[in-house]
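# Reading the structure
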Amino acid sequence: VEPVRPRRGSLCCARDVEEQVVGTREVRVDESGRQVTDAEANAAQRDFNAARREADEAKRARREERRRRILAEKKRKKRAARAAERYRRVPEGILIYRLDTSARTVSLVSGPSSNTNVDTLLRGPAVIVRARPASDAGRRGLVLTCSDGSTHTLVACEQRTAISWLESIDMMLGSEPSAAVRARLAQDGQCGAPMRLPGQAASAKSSGSNWATGAEGRLSDAERGEIEERYVNLAAYSNNLIRAGAIPNSGGGAGSAGGKNAGGAGGIYYTVTQVREDAEEYDEETLESIAKRRAVIRDSWDFFRMVCSLLRDRRKYDEVFRRMRLDPVYPYLDSMTGLNDPGDDVALGGNAGADKPISQVVREEYDGMSQAQIAGDLVRRAEAALPSLVEICKALAGSLGMEEVGVGPVKDAGAALRKAERKYEGDPTKVTDYCRSLLVVKDFPTLLALLELARDSFGPLIRRVKLSTLKSDRTPKPGGYRDCIINLELKEHICEIQIHMWPMWVICGVDGFRHYRHCLEYSTDTFGDPFEALAGLDRKTIAELIVMAEEAVADMPLETLEWYHEKFILDYFAEAGLFLHHGLHEWAETTLRVLIKLRCQSPDIGPDHHETMTLYGYLERALRAQRKGDEAQAVAQKISRHREIKAAEKDEAEKSLWETWLVEPFEGLVDPNRKEREEEERTRKEVRASKKAWRKIRDERFKFLDGAE
């Protein structure tokens, strides 16, 4: 109750209030005025604060999303502006096309040149229903069939552009078309895209794609999308590396432009991108994943290329040995028996590693030593024997006028133990090349002279003469190599002299041991064809290997290849195998024809060389796959004539025996062993004639051997 009494005054007006306290308890009410408890009020306050925080966070998120979209749109506009500006400065004669795999369209994004025939120009956007390689010499053409039935040929500035485009189109045509694409196909009167049920494979004929057959034809659209994304990412990453000059050995080839534009004049206009809705670039994790995938595929490409190289050298060794056997002294050498040389062919009575007929001296102190300690002791003894081996090799080389001589280094204990484990059941005393050297002889007469000189000079020291790999009835070492080995004992330690034949040595040189080791490790002798190494790989992996192949030859387009570019010739040969395996027979044919031309131009090979004939064999396969029967038959006849020529080089005496068997069949039936006896007699006569030829050569070239006796 507030009774008020007014007061009057000249200066102010105030009131006196008498206050009385009615009550001091606080009361909480909700929005409707209903009284609530303290717990209910606190809960309502917490809910209010949480809702307010959520509203603030949503507001910030909307603000960030708006800012991100604005930034992405700015980036997109900048890229579009840069692209438009770049395409306005395209050199005369170059047209820029964009392939959109989501819409299955190809469209022209640059203006036509002054000399462009606008009547036949593909402007687009045109829906693509089929694509195949063109038969141009540069392997850069694509033949595109549009939904309206028109056909257009596009020639890319670079090989890798055409290859990545064709593979992307092939993947695109193997997937189920979208509703918009179906509508466009229906509008153009195309019925070439039938509905494909889940798990059902479409035919390559109906879809125009190799990805619609086999296991790839049963992939879901999600799996196809993932495969396409990985391929596009790899192609883009590889292209960026080439443009940036970041490929190892880039610019090292003859005639290479080097640097950023080494791939060709159109290199700066070739890009592969994946369009994203937010226009964001790849994050670091995605780029790292792409780089790891490229590293895996790169290793696979290097391995496949190595297999092609190993089998190529194997064929070279076989061909060289075939020609070496025509030497008049070879029958005499072939009849010789080595010392302690059962050979390595178990089927022919050879030893099986641990049964090696010679070994290092097994000393009593070795009984209490480990294998590693024994190997260490043998290494020390080899180092002590090395100077004596050097003197012997110098004497042999000086007497025979050899220029290629090598000694050492001494094999270390670790390498000796690994060899013992691999070949001799872990026994290090079976290893006889701790102390080693090599001599390279010109031909078989020089080898015979060396063997005679070694016998007369230090015969008591010789423990083994291994000639088995040079015998016509024995298999070579892994990889096709053949040589002679002399083991001799110096200072109570067995050393090894490797005698190499110059025609075989020149194929790989000092890398011959690496060739042998790789052939042994990967069992490449089990391959009859290097392209068999691709068996079991899926289509996706082959497509990625082709990307790596194009990366390897980026500095050397096919039309600029010369006969002396051995490294790139091997790369293109391996890529031709990928094309054959991938169904790109047109490009395989183009590549093989260029390689055959270069091999014919090579002064060391020529048109009748076995390597040229091997290429002709692959060319026949590519032609038959394209149903070019007449051309394939002409190539087959060329190969057949070559085989006939080689067959004509065989021993005329053997041919005479075969003719005798045909002329006198009844006499052969009466005496079934006559042929074997005549063969033995022919061999004896051949050896006697060969020995006589050796005596004549010995008197002419190695007269000093008479004094050595």
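Please refer to the structure placed before this passage.
Below you will find a few notes about this structure.

Conventions we followed
Numbers given for residues are sequential positions, taken from 1 along each chain in its written order. pLDDT decides what is reported in this predicted model: residues at 70 or higher carry local features, side-chain atom pairs at 80 or more are listed and counted, and totals for whole chains, interfaces and linings draw on all residues regardless. The side-chain figures draw on all heavy atoms in the structure; neither hydrogens nor water molecules are used. Helix and strand definitions follow DSSP, with helices as H or I runs of at least four residues and strands as E runs of at least two, each counted in order from the N terminus. Using a 1.4 Å probe on the protein chains alone, a residue whose accessible area is under 20% of its type maximum counts as buried, one over 50% counts as exposed, and one in between counts as partly exposed. Here, residues are in contact when the closest pair of their heavy atoms is within 4.5 Å. What sets the accessible areas is the Shrake-Rupley method with a 1.4 Å probe; for residues, cover comes only from the shown protein chains. In this description, strands pair whenever DSSP reports at least two bridges between them. Stacked, tilted and edge-to-face are the three classes assigned to paired rings of Phe, Tyr and Trp, where Trp is represented by its six-membered ring and a pair needs centres within 6.5 Å; plane angles under 30 degrees give stacked, over 60 edge-to-face, the rest tilted. For a lysine, the NZ atom is tested; for an arginine, the CZ atom; a charge sits over a ring if that atom is within 6 Å of the ring centre and within 35 degrees of the ring normal. Patch membership requires over 30% relative accessible area and the absence of a salt bridge. Like charges are linked within 9 Å, and nonpolar side chains (Val, Leu, Ile, Met, Phe, Trp, Tyr) within 5 Å. Should a side-chain nitrogen of Lys or Arg be within 4 Å of a carboxyl oxygen of Asp or Glu, the pair is scored as a salt bridge. Counted charges follow a simple rule, with Lys and Arg positive, Asp and Glu negative, and His plus the chain ends left uncounted. Throughout, a charge is located at the NZ atom of Lys, the CZ atom of Arg, the CG atom of Asp or the CD atom of Glu. Axis geometry follows a simple rule: fit a line to the C-alpha atoms, using only the stretch in contact for helices, then measure angles between N-to-C directions, giving values from 0 to 180 degrees. Grouping buried Ala, Val, Leu, Ile, Met, Phe, Trp, Tyr and Cys residues that are joined through side-chain atoms within 4.5 Å yields what is termed a nonpolar core. Comment: arc refers to directions from the helix axis out to C-beta atoms. Disulfides are defined as cysteine sulfur pairs within 2.5 Å. Roughly parallel here means an angle under 35 degrees, roughly antiparallel means over 145, roughly perpendicular means 65 to 115, and every remaining angle is called oblique. Throughout, the ten residues Ala, Val, Leu, Ile, Met, Phe, Trp, Tyr, Cys and Pro are labelled nonpolar, Asp, Glu, Lys and Arg are labelled charged, and all others, Gly among them, are labelled polar.

What follows concerns the overall build of the protein. The helix and strand tally for the protein stands at 21 helices and twelve strands. The buried share of the protein, taken over its 709 residues, is 43%. Long-range pairs, those at least 24 residues apart, make up 65% of the contacts in the protein with a sequence separation of at least 6. Of the accessible surface of the protein, which amounts to about 39,000 Å², a share of 51% is contributed by carbon and sulfur atoms.

With that out of the way, let us pick up the pairing of strand β10 (residues 462-466). Look at any regular strand and the pattern is simple: side chains alternate between the two faces of the sheet. β10 sits mainly inside the fold: four of its five residues count as buried. Both β10 and strand β11 (residues 484-490) contribute to a ladder of four bridges, which runs antiparallel. When the bridges of β11 are listed, K466 appears paired with I485.

So, about the packing of aromatic side chains. A complete count under the given rule lists 14 aromatic pairs for this structure. Ring geometry for F304 versus F531: centroids 6.3 Å apart, planes at 40°, classification tilted. Remark: F531 occurs in the loop between α12 (512-522) and α13 (539-552) and F304 occurs in helix α6 (residues 284-324); sequence separation between them is 227 residues. Look at F531 and you get buried, because its relative accessible area is 9%. Centroid distance W563 to Y564: 5.5 Å. Interplanar angle 85°. Geometry classified as edge-to-face. A connected cluster of aromatic rings, assembled from ring pairs, spans W301, F304, F531, F573 and Y618. Its guanidinium or amino end placed over the ring of F321, R482 lies 3.9 Å from that ring's centre, counting from NZ or CZ.

Right, let's get into a positive patch on the surface. There is a patch of like positive charges on the surface, built from K59, R60, R62 and R63. Relative to the helices and strands, R62 resides in helix α1 (residues 38-88).

With that settled, consider the sheet that holds strand β6 (residues 141-146). On the basis of which strands lie adjacent, the open sheet formed by five strands has the order β3-β4-β5-β6-β7 and antiparallel pairing. This sheet does not close on itself; its edge strands, each paired only once, are β3 (97-100) and β7 (151-155). Taking the axes of each pair of neighbouring strands and ignoring which way they run, one obtains an average angle of 40° across the sheet. Two elements, β3 and strand β4 (residues 105-108), share four bridges in a ladder whose sense is antiparallel. Bridge pairing links D100 to T105 in β4.

Moving on, we come to the nonpolar core. Counting 73 residues, the largest nonpolar core has I169, W301, L561 and L578 as its most contacted members. With ten residues, helix α14 (residues 566-582) is the largest single contributor of residues to this core. Ignoring any residue separated from it by four or fewer positions in sequence, one finds L578 in contact with W301, F304, L534, I542, L545, I546 and A549.

Let us now look at α12. All of the buried residues in α12 are G512, H515, Y516, H518 and C519. In a view along the axis of α12, the buried residues occupy a sector of 170°, so they form one face of it. Exposed positions of α12 whose direction lies more than 90 degrees from the buried face are F513 and E521. The secondary structure elements touched by the buried residues of α12 are α6, α9 (413-423) and α11 (502-508). Positioned one or two residues after α12, S523 has a phi angle of 50°, which is positive.

With that settled, consider the sheet that holds β11. Read across the sheet, five strands follow the order β8-β9-β12-β11-β10 without closing on themselves; strand pairing throughout is mixed. Since the sheet does not close on itself, it has two edges, and those belong to β8 (405-407) and β10, each with one partner. Strand after strand, the sheet turns through a mean of 15° between neighbouring axes, direction not considered. Bridge analysis of β11 against strand β12 (residues 493-501) gives seven bridges, and the strand direction is antiparallel.

Taken as a whole and assessed by the stated rule, the structure comprises zero disulfides. In this model C435 remains outside any disulfide bridge; the closest cysteine sulfur is found in C495, 3.7 Å from its own. Residue classification places C435 among the buried positions, given a relative accessible area of 0%.

So, on to the packing of α6 against α14. Between α6 and α14, the shortest axis-to-axis distance is 10 Å and the interhelical angle comes to 110°. Considered as vectors, α6 and α14 are oriented roughly perpendicular to each other. Packed against α6, whose contacting residues are W301, F304, R305, C308, S309, R312 and R315, the element α14 presents E566, K567, L570, D571, F573, A574, E575 and L578 at the interface. Taken together, the residues of the contact of α6 with α14 sort by class into seven nonpolar, one polar and seven charged.

Counting buried positions along strand β5 (residues 126-133) gives six out of eight residues, so the element sits mostly inside the fold. When β5 meets β6, the two strands line up antiparallel, connected through five bridges. Along β6, the bridge assignment pairs A131 with L144.

As for its placement among the helices and strands, H642 is situated in helix α17 (residues 629-648). Sequence-distant contacts of H642, defined by excluding residues within four places in its chain, comprise D608 and M613.

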